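# Structure at a glance
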Amino acid sequence: ELAKREMADKLQQSENEVIRQRLRNQTAWTVGLIIAFILAFGWGVALYQKNESKRSLNSLLHGQVSERTKDLEAANDQLTQANKELRTLNHVASHDLKESIRNISTYLGLIARDLPEGAQTHSKEYFERIERSTAHLYTLIEDLASYSHLSGTESGSKKHVPLQSIVTQVVDEL
């Protein structure tokens, strides 16, 4: 009977050890699952916060872009208006300057016609130079007005310029 009792005690100890081992295993699994759940929850919260931060920054950036776009549109409108005013001023100023040059040329012709014959031959070269200079100035004003008008548009026609005639004209005026 003692041997049975010892056997029963050993069997009971074995069963107790198996139960303790199962409890340890279950506890380890439970702790592992709890840790995994906590990590997954923390990871989910971190992703949510990161996405919320991105949404917030995107919203802020969108607001800044919209504000700057409005500012640029307003500045563009102001520049467009200023360009219109400058084109109008250019048109008026070039018209007035060309009128003055035409008057100079007309009065020069009248003066040359009214000079006595001897004075005309002596001053003829000066009158011709003045006439060429006024014609040149008139052309410059027209070209400046044309350039100003073309620079306000996207398309400007390009053409070949006879450089030899321009060089010859410059040399003659010197």
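On a predicted model such as this, the values are computed, not experimentally measured, just so you know.

Once that is clear, we can look at the packing of aromatic side chains. One pass over the full model with this rule turns up one aromatic pair. Ring geometry for Phe 37 versus Phe 41: centroids 6.4 Å apart, planes at 20 degrees, classification stacked. Placement of the pair is Phe 37 and Phe 41 together in helix α1 (residues 2–114), with a separation of four residues, close to one helical turn. Each member of the pair, Phe 37 as well as Phe 41, is classed as exposed.

With that out of the way, let us pick up the pattern of salt bridges. Oppositely charged side chains may form a pair once their charged atoms are brought near each other. Per the stated rule, a full pass over the model turns up six salt bridges. Arg 55 is paired through a salt bridge with Glu 52; the nearest N and O atoms lie 2.1 Å apart. Of the two residues, Arg 55 and Glu 52 are both situated in helix α1; the distance of three residues between them amounts to about one turn of the helix. Arg 55 gets classed as partly exposed once you look at its relative accessible area, which sits at 49%. Residue Glu 52 is classed as partly exposed on the basis of its relative accessible area of 31%. Across the salt bridge formed by Arg 102 and Glu 99, the nearest N and O atoms sit 2.7 Å from each other. Here Arg 102 pairs with Glu 99, and both are found in helix α1, just three residues apart, close to one helical turn.

Cut-offs applied
Residues numbered from 1 in each chain as written. Predicted model: local features only at pLDDT ≥ 70, side-chain atom pairs only at ≥ 80, totals over all residues. Heavy atoms only, no water. Phe/Tyr/Trp six-rings, centres within 6.5 Å; stacked < 30°, edge-to-face > 60°. Helix = DSSP H or I, 4+ residues; strand = E, 2+ residues; numbered from the N terminus. Buried < 20%, exposed > 50% of the residue type's maximum accessible area, 1.4 Å probe, protein only. Salt bridge = Lys/Arg side-chain N within 4 Å of Asp/Glu carboxyl O.

Such coordinate-based values are descriptive only and should not be taken to indicate function.
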